[in-house]
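# Coordinate analysis (summary)
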Amino acid sequence: MTDVTGEPTPERMRHALGHFATGVTVVTGFGPQGEPVGFACQSFTSVSLHPPLVLFCADHRGRSWPRMREQGVFTVNVLGHGQRDVVQRFGSAAGARFDGLDWERSEHGGPSLPGALVRVHCTVEQVHVAGDHDVVVGRVRGLDDGPSGRPMLFYRGRFTVTERRGSAVAADTSDESGVEPMDDYWG
């Protein structure tokens, strides 16, 4: 086990907090000229059901969030396990993220990305500066369900998918035909 005791340096923080699995999203919006912008984001969570609030954290020095901040709307696109190409496109520091991508303009928020498990359309409610990031609280204005499926996760510096345990469970739970029952808790 790597020693993570002592001073919380950026390297130690990254290592220690990498043990917490997070979902992977792409936050999208529009820039000052109406151009679509977006970035990959693992720091997204629900805050409140009443009123409906969510939050994400974004580097206030990044190339996308500062451009969409003043527009006041955004969409959180929750990615599925098969969307590694999307997260690579939006997680890259260079390149045109929307070039050749079949996206749609949402009536509530930012651009809706194809194949997202769910889209959360929001208006900016509050922005708090916290170190090198902004903590953005958004009021949910609309929700779009996408296809059912397993989520993309980020864990210990890698993209991953949590799978159901198979063989040991199958022996205990199969029916007379020997077929394991369908039990996909990812939808």
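Up top you'll find the structure we're talking about.
A quick note: this is a predicted structure, and the numbers were derived from the prediction, not measured.

## Points about the nonpolar core
Soluble, globular proteins show a tendency: their nonpolar side chains are buried together. Val27, Phe39, Phe56, Trp65, Met68 and Phe74 are the most contacted members of the largest nonpolar core, which has 15 residues in total. When residues of this core are traced back to their parent elements, those giving at least two are β3 (36–41), β5 (53–59), α2 (65–69), β6 (73–78), β9 (118–130) and β10 (133–145). Every residue in contact with Met68, bar those within four places of it in the chain, is listed here: Val27, Thr28, Gly29, Phe30, Val37, Gly38, Phe39 and Phe74. Listed in part, the 10 residues of the second largest apolar core include Val24, Val26, Val86 and Leu101.

## A closer look at the side chain of Thr123
On the secondary structure map, Thr123 appears in strand β9. Take Thr123: its relative accessible area is 18%, and that puts it in the buried class. At 3.1 Å, the side chain of Thr123 forms a polar contact with the side chain of Arg141. Non-local contacts of Thr123, meaning those with residues more than four positions away in its chain, are made with Gly72, Val73, Phe74, Val137, Gly138, Arg139 and Arg141.

## Here's the deal with the pairing of β9
Strand direction decides the pairing type here: β6 and β9, joined by 6 bridges, are antiparallel. Its bridge partner being in β9, Val78 is matched across the sheet by Val118. With 12 bridges joining them, β9 and β10 adopt antiparallel strand pairing. Each residue of the ladder has a partner; that of His128, found in β10, is Val135. Taking the residues that link successive antiparallel strands as the turn, the β9-β10 hairpin has 2 residues, and the phi of Gly131 there is positive, at about 65°.

## Topic: the sheet that holds β6
Across the sheet, 7 strands lie side by side as β3-β2-β6-β9-β10-β5-β4; this open sheet has antiparallel pairing. Looking at the sheet topology across the chains shown, the edges are occupied by β3 and β4 (44–48). Here the average twist between neighbouring strands, direction ignored, is 35°. Sheet strands in contact with helix α3 (residues 84–91) are β2 (25–30) and β3, and its direction is about 110° off that of β3.

## Brief notes about the packing of aromatic side chains
Overall, the coordinates contain 6 aromatic pairs when judged by the stated rule. Centre to centre, the rings of Phe56 and Trp65 are 5.5 Å apart; their planes meet at 90°, and the pair counts as edge-to-face. The pair formed by Phe56 and Trp65 is uniform in burial state, with each residue classed as buried. With a centroid separation of 4.9 Å and 80° between ring planes, the pair formed by Phe56 and Phe74 is classed as edge-to-face. Here Phe74 lies in strand β6 and Phe56 lies in strand β5, a separation of 18 residues in the sequence. A relative accessible area of 0% places Phe56 in the buried class. A relative accessible area of 0% places Phe74 in the buried class. In textbook terms, an aromatic cluster arises when at least three aromatic residues are bridged by ring pairs, as seen for Phe30, Phe90, Phe98 and Trp103.

Rules used in this analysis
Residues numbered from 1 in each chain as written. Predicted model: local features only at pLDDT ≥ 70, side-chain atom pairs only at ≥ 80, totals over all residues. Heavy atoms only, no water. Core = buried A, V, L, I, M, F, W, Y, C linked by side-chain atoms within 4.5 Å. Buried < 20%, exposed > 50% of the residue type's maximum accessible area, 1.4 Å probe, protein only. Helix = DSSP H or I, 4+ residues; strand = E, 2+ residues; numbered from the N terminus. Contact = heavy atoms within 4.5 Å. Polar contact = N/O pair within 3.5 Å; in protein donor to acceptor, adjacent residues only side chain to side chain. Pairing = 2+ DSSP bridges. Axes fitted to C-alpha atoms, helices over the stretch in contact; angles between N-to-C directions. Phe/Tyr/Trp six-rings, centres within 6.5 Å; stacked < 30°, edge-to-face > 60°.

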